[in-house]
Amino acid sequence: MIPKPAFPHPTDFYPEVDPLAARDADLQQLSWWARYQHFALPVAGMVIAAITVVVLQRFLSDLSLDHVLESARNIPGKHLMIALALTAVSFAAVAFYDVVAVETIAPGRIPKLLSASVGAAGYAISNALGFSLLTGGMLRYRIYAGEGIALSDIGRIIGTSWLAIWFAFTVLIALGLVLDPAPTPFVDQLDPRMDLALGIALILSIIFLVGWLSHGERTLTLGKLSIRLPNSRGALTQIVAGLVDVCAAAGTLYVLMPETVTTSPAVFTLVFVVATIIGIASHAPGGLGAFEASMIAGLGLGTNPDAIAALLAFRVIYTLLPFLVAIVSVLAFEAYAKHAHVSQRMRSAGRILEPLIPPLAAGTTFLGGIMLLLSGSVPGATERLDLLSDLLPLPFIEVSHLAASFVGVAMLILARGLARRLQQAWAASLILFILGAVFSIGKGLDWEDAIVLVGLSAILIAFRTSFYRRPIEGVGPLSWGWLASVISIVAISIWLGFFSYRDIDYSNQLFWQFAVDGDAPRFLRASIVILIATAAAALHTAINRKAIYRKQRVEIPLAVSAIVASSNVTHAALAMLGDKQFLMSPDGRGFIMYARSGGSLIALGGPIGPEEGDTELSWAFHDLADRSAVRTAFYGVQPQQLPMYLDMGLVALKLGEVARVDLAAFNLDGPRRQPLRYADRRAEKDGLVFEVVKANDVAPLLGELRLVSDAWLDMKAGSEKGFSLGYFDNEYLSKFDIAVIRQHGRIIAFANLWGSADKSELTVDLMRHAPDAPKIVMDALLTRLLLHGKAQGYCWFNLGAAPLSGLSASRLASRWNRFGSFLYRRGQNLYRFDGLKAFKDKFDPVWTPHYFICPPGLDTIRSLFDVTALISGGRLELIRK
């Protein structure tokens with residue numbers, strides 16, 4: 001294996017500068033919103049869900065569920081057929097979003113039929129399941145990335161598609177305000193002239209935008225994100241497609257409405273658009289509940305059972321039916337693609353459509369959970385319960401009702417694991433589907449629910465090969481967004497129960513009543529189970545949704561110790577810290593050391609061992625991360641390794657440059673060495689004595705070394721780091737030679753030494769001094785160490801890294817390089833980046849770049865945060881610093 005520079009440890013080399021602060025500074029530049037939006041948006045969604053429940057309770061208090069269901073059965077067949085046709089038109093228009101976006105961002109690189117299919121299928125999934133970024137966005141990423149589209153361009157495609165629908169929203173709101181300004185729901189407190197003026201202003205803004213786009217290529221910049229906008233023709237096409245989409249969707253609901261709803265089409269469409277926006281903000285799947293509450297409040301439909309029935313029918317036709325069509329289509333294509341005589345082209349198409357499977361499976365599971373929860377919130381059929389009571393004892397019926405509700409919540413939670421391709425989630429979901437079917441029969445002979453659940457389990461079985469990931473630490477907690485969706489569904493299902501039994505006289509005794517016809521008491525008991533399960537999931541998320549940092553000391557395998565002892569790579573010594581796990585090569589001659597932090601599996605450098613095994617071991621690590629459903633990252637790799645990581649689809653961020661001194665040419669002669677000669681002579685004059693203590697003799701000195709280390713940490717107001725930096729640990733330090741400087745017999749500075757087995761390189765790890773040591777002590781210690789390394793026959797001495805050094809400031813360079821270069825040049829008031837490089841330049845080193853390897857796009861920021869937290873000792877410690 002080619003000798004590689006060791007990892008940077010400049011905090012010890014130059015006490016005034018902490019180079020890790022470069023990364024800390026980068027991450028701490030994030031705004032409050034960027035840091036907390038993952039939590040703030042779901043909380044806002046839960047607030048909307050709470051408001052939804054209040055609105056539904058207020059407006060529907062005089063309605064009967066039986067009357068609503070009867071009205072739904074009486075919707076004319078002609079209206080249903082028109083609604084189906086309008087739904088098809090809406091989804092056809094949605095398909096054009098992606099076609100125009102792809103032709104704008106990556107013209108000619110994706111077949112139009114494929115981009116149209118992806119747009120329609122992605123919308124069908126995200127419209128039913130919600131979580132548009134996880135479902136529709138990730139679907140586009142998997143398919144377009146497979147076609148060779150860069151992640152940045154995929155992000156622009158998604159952004160351009162989103163702009164299309166928001167253009168449509170804006171135009172329709174404007175038209176609603178202009179065509180029928182008084183009275184307009186949601187803004188009826190304003191003067192009609194204000195409505196008219198606002199509408200005209202919005203229309204003029206759209207006209208100006210289209211005109212602006214006609215004068216050459218335009219780019220929209222939002223923070224660090226830039227989106228290439230379509231030309232005027234493309235913008236008009238998207239606006240028209242958006243208008244057709246939203247108008248057809250609104251028309252689907254409008255034709256289902258009874259004749260008693262006399263709202264004009266313009267106002268109806270305006271209310272529909274506003275309700276859609278509120279539904280998007282609610283985080284509920286498809287805006288369930290929030291959309292209905294907004295329509296009811298905006299149009300005053302609370303006392304009209306026919307209108308409420310129309311909303312239910314709209315959900316089935318526009319949300320559920322397209323999702324089922326997508327499932328059946330993928331199932332049919334999967335079955336056909338596996339046929340022995342299928343052409344290679346069809347097999348390739350099957351691989352392209354494979355990314356549809358996880359979100360579809362997650363959607364079916366989520367919808368199955370919703371079905372069980374809603375079924376448990378409404379009264380059972382009396383005749384079925386009477387028949388069931390003759391077959392089963394009452395305790396079994398009661399337990400089945402409670403268990404079915406619990407299974408419903410569990411399915412909502414496990415759906416996230418299916419979206420992440422987790423094998424455990426697939427197995428657990430399959431079991432839950434079967435149990436749900438059994439409990440549906442046991443609680444009220446709900447054979448319809450049981451058939452649906454069995455059918456959904458068959459879909460899971462058909463898709464089983466797509467769920468292969470096995471996370472290192474289990475399924476893990478929910479995201480805040482998913483938790484918000486679960487809470488929203490639970491809130492709506494409990495509201496539906498209270499709505500269904502609002503004529504019941506509630507009392508303390510009701511909860512303890514057990515009878516075959518006791519639907520209301522069963523609902524109350526099931527609600528407690530649902531709330532406890534949801535609260536447990538929320539508590540688990542709050543406690544465990546954080547990065548996983550340094551744990552208890554890990555026992556180091558004997559094979560690892562042997563490889564480290566014979567390694568020509570000095571940073572291999574970090575394997576002896578005991579804070580990492582190891583992926584061994586098949587022949588046991590090499591390993592990769594790594595740790596988990598947040599959603600990233602981070603390897604320290606490249607493989608350690610024979611060079612011929614590097615590629616196989618690196619790909620094995622990449623596969624391990626993929627199967628564990630986490631991001632792959634390599635921290636601190638050298639330039640000669642870059643092609644291998646780029647082949648993995650990862651990106652390289654330059655962290656800075658590592659300084660290495662050629663010991664054969666090093667001496668204290670010449671004018672450039674005057675500062676080093678001064679430090680060496682001053683140390684001798686002040687009575688400083690340099691000594692290298694062998695590893696076998698270190699143990700008696702650990703107590704005195706600890707005093708120096710603790711005083712140094714107190715002086716720096718810092719704490720121990722880890723992973724790529726050693727920390728003071730008796731067992732760890734006892735494994736290495738330690739250089740010390742004494743003054744009057746007292747140790748005032750020390751450094752533990754790493755040396756490669758072939759003596760190609762020598763470096764230090766911890767390098768600390770007492771607060772009262774002479775100012776030249778670090779210069780003197782380093783000078784003596786270089787002379788010692790030369791005398792021992794070492795070729796190079798590694799001085800560690802200068803963070804952000806060597807990054808290009810060219811306007812053509814990447815944003816990372818430009819930002820790092822700016823921080824390097826302008827950040828002297830925060831961190832002395834140039835001072836650190838100047839300090840190391842005194843030794844005339846050879847500078848070598850080193851890199852952080854991670855996934856592209858948004859995962860780059862997440863990976864940077866994870867590795868910084870890992871090295872700093874935890875996310876809370878990072879924020880504190």
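Model, not experiment: these values are computed from the prediction. (Residues numbered from 1 in each chain as written. Predicted model: local features only at pLDDT ≥ 70, side-chain atom pairs only at ≥ 80, totals over all residues. Heavy atoms only, no water.)

### Details of the pairing of strand β4 (residues 591-597)
The buried fraction of β4 is high, at 7 of 7 residues. Judged by which residues are buried, β4 turns out to be covered on both faces: Phe-591, Met-593, Ala-595 and Ser-597 on one side and Ile-592, Tyr-594 and Arg-596 on the other are all buried. By the bridge criterion, 4 bridges tie strand β3 (residues 581-584) to β4 in an arrangement that is antiparallel. Across the sheet, the residue bridging to Met-584 is Phe-591, located in β4. Once β3 ends, the chain turns through 6 residues before running back antiparallel as β4, passing Gly-588 with a positive phi of about 75°. Bridge count between β4 and strand β5 (residues 600-604): 4 bridges; the pairing is antiparallel. (Buried < 20%, exposed > 50% of the residue type's maximum accessible area, 1.4 Å probe, protein only. Helix = DSSP H or I, 4+ residues; strand = E, 2+ residues; numbered from the N terminus. Pairing = 2+ DSSP bridges.)

### Section: the packing of helix α15 (residues 357-377) against helix α20 (residues 480-500)
Closest axis-to-axis distance for the α15/α20 pair is 8 Å, and the angle between their directions is 25°. Considering their axes alone, α15 and α20 lie roughly parallel with respect to each other. Note that α15 runs across α20; the crossing there is right-handed. For the pair α15 and α20, the contacting residues are Phe-366, Ile-370, Leu-373, Leu-374 and Ser-377 in the first and Trp-482, Ser-485, Ile-489, Val-490, Ser-493, Ile-494, Leu-496, Gly-497 and Ser-500 in the second. A class-by-class count of the residues in the contact of α15 with α20 yields 9 nonpolar, 5 polar and no charged. (Axes fitted to C-alpha atoms, helices over the stretch in contact; angles between N-to-C directions. Parallel < 35°, antiparallel > 145°, perpendicular 65-115°, else oblique. Left-handed = near helix turned anticlockwise from the far one by under 90°. Contact = heavy atoms within 4.5 Å. Nonpolar A, V, L, I, M, F, W, Y, C, P; charged D, E, K, R; others polar.)

### Considering the side chain of Arg-525
In this fold, Arg-525 is placed in helix α21 (residues 519-544). Contact partners of Arg-525, with chain neighbours within four places excluded, come to Glu-398, Leu-402, Leu-510, Phe-511, Trp-512, Gln-513 and Phe-514.

### Concerning the pattern of salt bridges
Scanning the entire structure with this criterion turns up 21 salt bridges. Where Glu-398 meets Arg-525, a salt bridge forms, and the shortest distance between an N and an O atom there is 2.8 Å. Of this pair, Glu-398 sits in helix α17 (residues 394-419) while Arg-525 sits in helix α21, and the two are 127 residues apart along the sequence. An identical accessibility class is assigned to Glu-398 and Arg-525; each is buried. Each of the salt bridges in this network shares a partner with another, and the network as a whole consists of Glu-398, Asp-519, Arg-522 and Arg-525. (Salt bridge = Lys/Arg side-chain N within 4 Å of Asp/Glu carboxyl O.)

### Some points on the environment of Gln-640
Along the polypeptide, Gln-640 turns up in the loop between β6 (631-637) and α24 (642-647). In this structure Gln-640 comes out as partly exposed when scored by relative accessible area, which is 44%. Residues Gln-640 and His-850, 210 residues apart in the sequence, show an inter-C-alpha distance of 9.9 Å.

### Quick look at helix α28 (residues 777-791)
Relative to the 21 Å expected for 15 residues at 1.5 Å per residue, α28 spans 21 Å between its end C-alpha atoms, a close match to the ideal helical length. The buried count for α28 comes to 11 of 15 residues, which makes it a mostly enclosed element. All buried positions along α28 are accounted for by Val-777, Met-778, Asp-779, Ala-780, Leu-781, Leu-782, Thr-783, Leu-785, Leu-786, His-788 and Gly-789. Looking at the residues trailing α28, positive phi occurs at Gly-793, about 90°. (Expected span 1.5 Å × (residues − 1).)

### Considering a negative patch on the surface
Together, Glu-383, Asp-386, Asp-390 and Asp-517 make up a negatively charged patch on the protein surface. One can find Glu-383 in helix α16 (residues 382-391). A relative accessible area of 57% means that Glu-383 is categorised as exposed. (Patch = residues over 30% accessible without salt bridge, like charges linked within 9 Å, V, L, I, M, F, W, Y side chains within 5 Å. Areas by Shrake-Rupley, 256 points an atom, 1.4 Å probe, with all protein chains shown as cover. Lys, Arg positive; Asp, Glu negative; His and termini not counted. Charge placed at Lys NZ, Arg CZ, Asp CG, Glu CD.)

### Details of a nonpolar patch on the surface
Among the surface-exposed residues, Met-81, Leu-84, Leu-321 and Val-325 lie close enough to one another that they form a single nonpolar patch of about 350 Å² accessible area. Broken down by secondary-structure element, the contributors of at least two residues to the nonpolar patch are α5 (77-105) and α13 (305-337). For Leu-84, the location among the structural elements is in helix α5.

### Quick look at α15
For α15, spanning 21 residues, the distance from its first C-alpha to its last is 30 Å, which sits close to the expected 30 Å at 1.5 Å a residue. Of all 21 residues that make up α15, 19 are buried, and the element is covered over most of its length.

### Remarks on the confidence of the model for the protein chain
Chain-level statistics for the protein chain give a pLDDT mean of 76 and a share of 73% at 70 or above. Note on residues 1-35: pLDDT under 50 across the span, and 125 contacts to partners over four residues away in sequence or across chains. Taken as a whole, residues 547-551 scores under 50 in pLDDT and shows 22 contacts with residues more than four places along the chain or in a different chain. (pLDDT = per-residue confidence, 0-100.)

### Observations concerning the pairing of strand β11 (residues 761-769)
In terms of residue burial, β11 counts as a mostly covered element, since 9 of its 9 residues are buried. Bridge count between strand β10 (residues 746-755) and β11: 6 bridges; the pairing is antiparallel. Bridging across to β11, Phe-750 finds its partner in Arg-768.

### Re unusual backbone geometry
In the Ramachandran plot, His-744 falls in the positive-phi region, its phi being about 55° despite a non-glycine side chain. Although it is not a glycine, Asp-844 sits at a positive phi angle of roughly 50°.

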